[in-house]
Amino acid sequence: MPKAYAYTRYGGPETETYIDADRPGPGPGQLLVAVRAAGVNPVDWKLRSGFRRPGDTGTPEFPLVFGSEAAGIVEEIGEGVTGFAVGDAVFGNTVAGGYAEYALLPASVTAHVPGGLSLRDAAVLPVAAATAYDGIRQLGLPAGATLLVTGAGGGVGVAAVQIARAFGLRVVGTASEGKKDFVEQLGAVHVASGTDLAARVRAAAPDGVDGVYDLVGGDVLEETATLLTDRSKLITAGAAPEDVERLGGSRVERARTAAVLDEVARLVVAGDLNPYVTRTFPLEQAGEALRLVEDGHARGKVVIEVAA
């Protein structure tokens, strides 16, 4: 039977195991995909730990397969789906996990893999890169404006810096001192994270910042909000809605459309966005891949590859 990596209850790594998963049939509006690559994200272990996303309701039925994004080959097409054919290479968000030999993808949030983009790189675009793109578009800053990205060395931050640069923005990025060279390689002015952050940002951007894309939350969100005269240009993917709304800003509004996936794929092919896949693991080592992300030791994106 097809294999998948799942968790059997909320908790830590001790809840993880491989399971025999029936090959699912696609429902209306869905695609059945033979997975070739699945992205590993912090939200994967957070969900295992009991984190509930906005809109999550009801009691989950365990075991739950890990993974929110995948790329692979279309095997079956559900009722009402158009624009896809069996054999197409696609990538997108998953319905119920992607660390598996087969996954269901909603056609509305699935895109074709264009020439020049590998399945490995495509697999890491639906979560981090799409979130970054949605936020940059939401801010709507004009070319030449200055954007502050907090947490610029993380998965969403790496993509946000590059996408902002592709849109003609000047970017200041906060990250640990150990990521200074990496952040500068992305095209941002690096500012070390830590206490008195706002003062260091003002020194790096003496003319001020026009927008803040926060990926950290907490005290960082509070402090960087003081840098803006127009709080409508404060958005976060790192804090709860009530925290940012109290400061006059808002959460990133996720589009969750195939059009966004097409656009981030175009940016990769054009050379404006590097997915930075730095480690790959076979499905048989999914636990090791997840530990690397959960322990905070990954730089760039981690991918689980599934043999054909």
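Data block above holds the structure.
Residues numbered from 1 in each chain as written. Predicted model: local features only at pLDDT ≥ 70, side-chain atom pairs only at ≥ 80, totals over all residues. Heavy atoms only, no water.

Draft legend 1. Representation of the overall build of the protein in the model. When its secondary structure is counted, the protein shows 10 helices and 16 strands. With respect to the principal axes defined by its C-alpha atoms, the protein has extents near 60 × 40 × 35 Å. The 308 residues of the protein split such that 50% are buried. Contacts in the protein between residues at least 24 apart in sequence constitute 65% of all its contacts with a sequence separation of at least 6. A total accessible area of about 13100 Å² is found for the protein, and carbon and sulfur atoms account for 49% of it. Separation of charge centres in the protein, based on 27 positive and 38 negative side chains, amounts to 3 Å. (Helix = DSSP H or I, 4+ residues; strand = E, 2+ residues; numbered from the N terminus. Buried < 20%, exposed > 50% of the residue type's maximum accessible area, 1.4 Å probe, protein only. Contact = heavy atoms within 4.5 Å. Areas by Shrake-Rupley, 256 points an atom, 1.4 Å probe, with all protein chains shown as cover. Lys, Arg positive; Asp, Glu negative; His and termini not counted. Charge placed at Lys NZ, Arg CZ, Asp CG, Glu CD.)

Draft legend 2. The arrangement of the packing of helix α3 (residues 125-139) against helix α9 (residues 258-269) in detail. Between α3 and α9, the shortest axis-to-axis distance is 10 Å and the interhelical angle comes to 95°. When the interaxial angle is binned, α3 and α9 end up roughly perpendicular. Across the interface between the two elements, Leu125, Pro126, Ala129, Ala130, Tyr133 and Asp134 from α3 touch Val260, Leu261, Glu263, Val264, Ala265, Leu267 and Val268 from α9. The class makeup of the residues in the contact of α3 with α9 is 11 nonpolar, no polar and two charged. (Axes fitted to C-alpha atoms, helices over the stretch in contact; angles between N-to-C directions. Parallel < 35°, antiparallel > 145°, perpendicular 65-115°, else oblique. Nonpolar A, V, L, I, M, F, W, Y, C, P; charged D, E, K, R; others polar.)

Draft legend 3. Structural context of helix α6 (residues 197-204). Those residues of α6 not exposed but buried are Leu197, Ala198 and Val201. The buried side chains of α6 occupy one side of the element, clustering within an arc of 95° when seen end-on. Elements in contact with the buried residues of α6: β9 (146-150), β10 (170-175), β11 (189-192) and α7 (218-225). (Arc of directions from axis to C-beta.)

Draft legend 4. Quick look at the pattern of salt bridges. One pass over the structure, following the stated rule, counts 12 salt bridges. With its nearest N and O atoms 2.7 Å apart, the salt bridge here joins Glu294 to Arg48. Separated by 246 residues along the polypeptide, Glu294 in helix α10 (residues 286-294) and Arg48 in helix α1 (residues 42-48) bring together distant segments of the chain. Exposure remark for Arg48: the relative accessible area of 1% places this residue in the buried category. Residues joined in a network through salt bridges with shared partners are Glu16, Arg48, Arg291 and Glu294. (Salt bridge = Lys/Arg side-chain N within 4 Å of Asp/Glu carboxyl O.)

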